[in-house]
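# An overview of the molecular structure
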Protein chains: 2
Amino acid sequence: MTDPVLSHLLSDREGFVTRLRDLVACPSVSTDPGYRDGMAAARRWLIARLDRLGFHDAREIGAGGHPAVTAHWHGAGPAQPTLLVYGHYDVQPPDPAEAWASPPFELTARNGRLHARGVSDDKGPMLLAVETLGAFLAAEGRLPVNVTLLLEGEEEMGSASLPAILRAHRGALAADAVLSADGARWRADLPTMTVATRGNTAMEFSVRTAAKDLHSGRYGGVARNALHEMARLVASLHDAEGNIAVAGFADGATPPSDADRAMLGAIPFDVAAHDASIGTSSGLSTPGFLERLWLRPTLDANGMWGGYTGAGGKTVIPAEAHAKLSMRLVPGQDPARCVEAVAAHLRAHCPPGVELAIRPTRDGTRAYAVPEAHPLLLAAEGALEATVGTKPLRVRMGATLPLTDIVRGLLGIDTVMFSFATADEDFHAPNENWRESAIAEGFAAWVALIRRCGALTRADLAPFRRA
Amino acid sequence: MTDPVLSHLLSDREGFVTRLRDLVACPSVSTDPGYRDGMAAARRWLIARLDRLGFHDAREIGAGGHPAVTAHWHGAGPAQPTLLVYGHYDVQPPDPAEAWASPPFELTARNGRLHARGVSDDKGPMLLAVETLGAFLAAEGRLPVNVTLLLEGEEEMGSASLPAILRAHRGALAADAVLSADGARWRADLPTMTVATRGNTAMEFSVRTAAKDLHSGRYGGVARNALHEMARLVASLHDAEGNIAVAGFADGATPPSDADRAMLGAIPFDVAAHDASIGTSSGLSTPGFLERLWLRPTLDANGMWGGYTGAGGKTVIPAEAHAKLSMRLVPGQDPARCVEAVAAHLRAHCPPGVELAIRPTRDGTRAYAVPEAHPLLLAAEGALEATVGTKPLRVRMGATLPLTDIVRGLLGIDTVMFSFATADEDFHAPNENWRESAIAEGFAAWVALIRRCGALTRADLAPFRRA
C-alpha cells in the first residue's frame, strides 16, 4: 500500500516539473548585480508557493545581502523536534553562455536529464523538500514534525550574510537540527550518505620587486624578477611529493585513523576510471585516493599571473606578480590559523628586497562531520534504505558546505545532508543537469524521512545540541 | 656661425614635434595582429614624408612579415661610402593601458619630456635621422655621403623577417656600414658611445595537468595543479642566488676578462642611485653591477599565467598554465643552443603525468661588438665630442639590437649606434617618454656626424667589410 503523501506527490509529477520550470526561469545569480531582478523573482515565486502550500509567515529575511526566504509549520506539538529545512535559491552565473546546448534559464529535457542553471544546485533538490513537506499538509493536514524552511540567497557567494541572518532571527529560526536539501550525493551507482565535509578558506598575495616593470635588456641581471619570486614562493608551498610544506598548517588537524583507512578501503571505487574521466593519472590506490580527497587538507593555487600575457613576446622584467590560493581543511584545522600559517610561510620565504602583500579573502569554514549516532542521520539512513533497498554507505565529501559550520557555531545544531543532486551533474559548469529519476526517488525518500522524524522527540536530539 | 643645415632644423622644431605627434598616433604594434592597421598607417606616413623630403624610391619592402620602409639618396658619388641608416617604426604593446598617465598613442608633453608609446623607442630618434638627412637636401640640395634608409617594422618582434628582406633586396640595400638611430644612450649625465650589445632569444611553454579545470573541493588532493607545476619549473631555472641553473646554457660564453673588469671599474656609476630610481636594492658594487648587466647572460620570465585571475575567488584547480621566457646572451652563446638547453632543462624537470609544450618564438640574435677602430665609430665619437664638448666614454649595453647580428651575417658590415633615446625613458613600459632636449642635441650631433662622413671614403671602410 503506497503512502498517501507519496501518492499525492506522484500523481502530480508533471505539476512538479512545471513548477521547477517556472523557478529555474527566474535567473537568480547571486554573485552578479545584473541579476538582481532574477533574485527578486525567485523569492516572490517561492513565497507565493510556500503560502499556497499552507506554510505560515512566508517572507523574506535579510541582513544586508540577498535576503533568504523563510516559512514554517509548527503544529506538530512541543514534544516534537523542529527541523530547519535548508536549500538555496541562488545559482552560479551561466557563463560561458555559448557553451550551453539549450538556453540556461529554460528547463530542457534531454536524455533522461533536465537541463538548466541551478536545476541540480539547488533548485530541483530544494523543490523536492518544499513540495514533499507541502504534500503532507495537503494530504493529511499536518506534518509529523515541526518545520522551519530556510531558503538562502547567497550560498554561491560563500553565505556571506547567513551568519548575520541567523543572529538577527535566532528566535524564529530556532531548531533541533538542520536537514539540508543541498550537498550532492557522491555517485549515482551507489546509495550513500555524506556525513562529513572539508572546510575551506582563501587568500591572495602579491609580490613586488621594483617600482615598475623594467626592460629585460637594460635591467636584466641587476633587477629582481617578480615572476621568479612568485614561482619560488608558490613552489615552496609543497614538497617534491606534493605534500603541504607550510609549518603550522596542519596544527590541530586530526590525522586519519586506522579505522578511517579501513572504512576507505571498504568503499568500492575505481580510481583508474575516475582518473580517465578527467584526463589525469593519480597513481593512487582507492584508500589512498579517498584519504587524500576526504581526510587530508589541500592548498591550491587557483590563479597566478604577472607580466606580459598577450600575443607574441615582450622583453619585460615584471615588477609585480599575483596569486590566489584556497585551502580545503580537515577536522581540527582553524581557517584563520591556516591563513596565518601560510602568511607566515610566505613572509619567511620572501627574500629581503621583495615586497609581499597578503590579503585574506574570506572568513572560512571549518570541516564538519555529523555525529555518528545523530538521530536525524540514523533516520535519514533508514529512509534511504527503505526506499532504495540497500543500506547507504557513509561517505565524506572533499568540498565544503559553509552552512554546516555556521549553524553549528551560531545555533549549536548539526546538519544532515539529504540531497538528490549527484556530483556528476555539471553544477557550476555549462549544461548543468539533474536526473529525472531523482524526482521519484527524492519524493519517496523525503516522505520516508519525514515519517521517521515523527518518531523522534526533542529529547532524542537534546544531547546533540550545544547551545 | 651655425651650420646652415642645423639652422634649418632648429627653425622648424615645432614642425618636428607635430610630425612626431602624427607618427606616434599610428599605433604600430608589430607583435599583436590587432594593430595591423596602425602598422600600415605608420608606413604610409613615412613613405609620404620621405618622398616629400626628396629621397628617391620611397616604398615598402617585405618578405612575408611586416614590411620595412626604404628610400635612398645616392648622389654623393661612387668614391663616397653608402650608409645604411636604420630605425624602426614598430613599437611595443601599450599594456597595461590603465597604467598610462596620458593615452599611449597621443603625444603629451609633461615635465620636459614627450610621452607616448614608441616616442623614445624608436620613433623620436628615427625621425631625428630622417629629418636631419632631409634637411641637408633642403638646405644644400645634397648630402655629403650616400644614404639608404631602412626603417624596419619588426624590431620589437626580434626582426623576424629582416634577414629575408636583406636577402631579397641585397642589391638595393648594399652599403659600407650601418648607422643606427636605435640603441639608446646609457645615461643623460655622461656622453657615451655604445660599442657592444647582448644577444637575445625567447620561447614560451605550457603545462597541462588534466583535461579540464577541476573543482578544488571535489578533486583537491587527487589532481595535479598546473600552477604548482609551472611554479616549480620556473623556480628551477635559477639557483638560490639567482644564477641561471640550466645545464649547457653558458656553453661557449666568453667569461669577463680582467681587462673587462678593469674597464668596468673605471666607469663612474652610482649603483645606489640607480637602484633607488627603480625602487630596488641590488647590493652590488659598480663593477659587479656592470658585469651582470653587460657581460653576463640572463634568463627572465616575461609573463606567467593560469587559472582564475578575475575579481573575487574561484575554487578551481587549473588544468593549464603558461609562461613566456626570454634571454640575454653574451659573446660566444648561440641563441638556438640556449633555447635547446632551456627546453632540455624543462623536459628533465617536468614530472611524469604533466604534459609540457615548448614553443621557440624567434631565431634570436647573437651578442655584438663594433670593431674598436671602425672609422664610422671614430666619426661618431668625434661628432659627439664636437657637439657636447667631452669625449664620449665607450660603454656596452645589456639590451639587444638584432640588426647588428643580422647585417654582419648577411651584408658583412658593422653597425654604429647613434641614438638620442636614453635608457631611463621607460620604453617597453607604461608612460614611455623622450627628453625634449634630445631634439636639439640630436639635430646638432647628426649634422656634425653627416658632415664628418663626407670626409670618409669607401676605401677607409673596406678593411672592415667581410663580404
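Attention here is on the structure that accompanies the text. (Residues numbered from 1 in each chain as written. Chains lettered and ligands numbered in written order. Predicted model: local features only at pLDDT ≥ 70, side-chain atom pairs only at ≥ 80, totals over all residues.)

Turning to the overall build of chain A, a few remarks are in order. Along its length, chain A carries 15 helices and 18 strands. For chain A, whose C-alpha radius of gyration is 24 Å, the value lies close to the compact-globule estimate of 23 Å for 467 residues. Along the first, second and third principal axes, the C-alpha atoms of chain A reach 85 × 50 × 45 Å. Here chain A holds 467 residues, and 55% of them are scored as buried. Within chain A, contacts between residues separated by at least 24 positions form 79% of all contacts whose residues are at least 6 apart in sequence. (Helix = DSSP H or I, 4+ residues; strand = E, 2+ residues; numbered from the N terminus. Rg over C-alpha atoms; globule rule 2.2 N^0.38 Å. Buried ≥ 20, exposed ≤ 12 C-beta atoms within 10 Å, placed from the backbone. Contact = placed C-beta atoms within 7 Å.)

Turning chain B through 178° and shifting it by 2.2 Å along the axis lays it on chain A, with an RMSD of 2.1 Å. Of all interface residues in chain B, 87% are interface residues in chain A too; the two copies therefore contact each other through one and the same surface. (Least-squares fit on C-alpha atoms with pLDDT ≥ 70 in both.)

Moving on, we get to the sheet that holds strand 11 (residues 298–307) of chain A. Strand pairing in a sheet takes place through backbone hydrogen bonds and is either antiparallel or parallel in direction. What the eight strands build is an open sheet, ordered 14(A)-9(A)-13(A)-11(A)-11(B)-13(B)-9(B)-14(B); its pairing is antiparallel. In this open sheet, the two strands that pair with only one neighbour each are strand 14 (355–360) of chain A together with strand 14 (355–360) of chain B. Across the sheet, the mean angle from the axis of one strand to that of its neighbour is 25°, orientation sign disregarded. Bridge count between strand 11 of chain A and strand 13 (residues 320–329) of chain A: eight bridges; the pairing is antiparallel. By the bridge assignment, D300(A) is partnered in strand 13 of chain A with S326(A). Across the sheet, helix 11 (residues 335–349) of chain B is in contact with strand 9 (199–208), strand 11 (298–307), strand 13 (320–329) and strand 14 of chain B; its angle to strand 9 of chain B comes to roughly 25°. (Pairing = 2+ DSSP bridges. Axes fitted to C-alpha atoms, helices over the stretch in contact; angles between N-to-C directions.)

Across the boundary between the two partners, chain B contributes 70 residues, which contact 65 residues of chain A. Here the element with the most residues in the side of chain B that touches chain A is strand 11 of chain B; it accounts for nine residues. Of the residues contributing to the side of chain B that touches chain A, the split by class is 27 nonpolar, 30 polar and 13 charged. Both strand 11 of chain A and strand 11 of chain B contribute to a ladder of five bridges, which runs antiparallel. Across the sheet, W305(A) pairs through a bridge with W305(B), a residue of strand 11 of chain B. (Nonpolar A, V, L, I, M, F, W, Y, C, P; charged D, E, K, R; others polar.)

Mapped onto the elements, V342(B) comes out in helix 11. Separated by 153 residues in sequence, V342(B) and D189(B) place their C-alpha atoms 38 Å apart.

Attention shifts here to the nonpolar core. Ranked by size, the top nonpolar core spans 94 residues in total, and within it M230(A), V234(A), V342(A), M230(B), V234(B), M304(B) and V342(B) carry the most contacts. Sequence-distant contacts of V234(A), defined by excluding residues within four places in its chain, comprise A301(A), M304(A), A323(A), L227(B), H228(B) and A231(B). In terms of nonpolar packing, the next biggest core, distinct from the first, is built from 91 residues, V85(B), W186(B), F443(B) and A444(B) among them. (Core = buried A, V, L, I, M, F, W, Y, C linked by C-beta atoms within 7 Å.)

Let us now look at the packing of helix 8 (residues 258–265) of chain B against helix 10 (residues 286–295) of chain B. Residue and element names in this part refer to chain B. Two numbers describe how helix 8 lies on helix 10: the axes approach to 8 Å, and their chain directions differ by 120°. By the angle class used here, helix 8 and helix 10 are oblique. Note on packing geometry: the crossing formed by helix 8 with helix 10 is right-handed. Every residue of helix 10 that contacts helix 8 at D260, R261, L264 and G265 is listed here: T286, P287, L290, E291 and L295. (Parallel < 35°, antiparallel > 145°, perpendicular 65-115°, else oblique. Left-handed = near helix turned anticlockwise from the far one by under 90°.)

A separate point is the sheet that holds strand 4 (residues 108–110) of chain B. Residue and element names in this part refer to chain B. Ordered by their spatial adjacency, three strands build an open sheet running 4-5-18, and the pairing between neighbours is antiparallel. Every interior strand has two partners, whereas the edge strands, strand 4 and strand 18 (433–435), have only one. The sheet shows a mean angle of 30° between the axes of neighbouring strands, direction not considered. Examined bridge by bridge, strand 4 and strand 5 (residues 113–115) share three bridges and lie antiparallel to one another. Looking at the pairing, A109 lines up with L114 of strand 5. Lying on the sheet, helix 4 (residues 119–140) is in contact with strand 5 and strand 18; it crosses strand 18 at an angle near 45°.

What follows covers the packing of helix 1 (residues 4–11) of chain B against helix 14 (residues 437–453) of chain B. All names here are of chain B. Look at helix 1 against helix 14: their axes get within 9 Å of each other, and the N-to-C directions meet at 160°. Here helix 1 lies roughly antiparallel to helix 14, going by the angle between them. Two packed elements cross with a definite hand, and for helix 1 against helix 14 that hand is right-handed. Across the interface between the two elements, V5, L6, L9 and L10 from helix 1 touch A440, F443, A444 and V447 from helix 14. For the contact of helix 1 with helix 14, the class distribution of residues is eight nonpolar, no polar and no charged.

Residue and element names in this part refer to chain B. In this model, helix 2 (residues 13–24) (12 residues) spans 17 Å end to end at C-alpha, consistent with the 16 Å of a helix rising 1.5 Å per residue. Listed in full, the buried residues belonging to helix 2 are L20, L23 and V24. Seen along its axis, helix 2 keeps its buried residues to an arc of 90°; they face one direction. Opposite the buried face of helix 2, by more than 90 degrees, sit the exposed residues E14, G15 and T18. Residues of helix 2 that are buried make contact with helix 3 (36–53) and helix 4. (Expected span 1.5 Å × (residues − 1). Arc of directions from axis to C-beta.)

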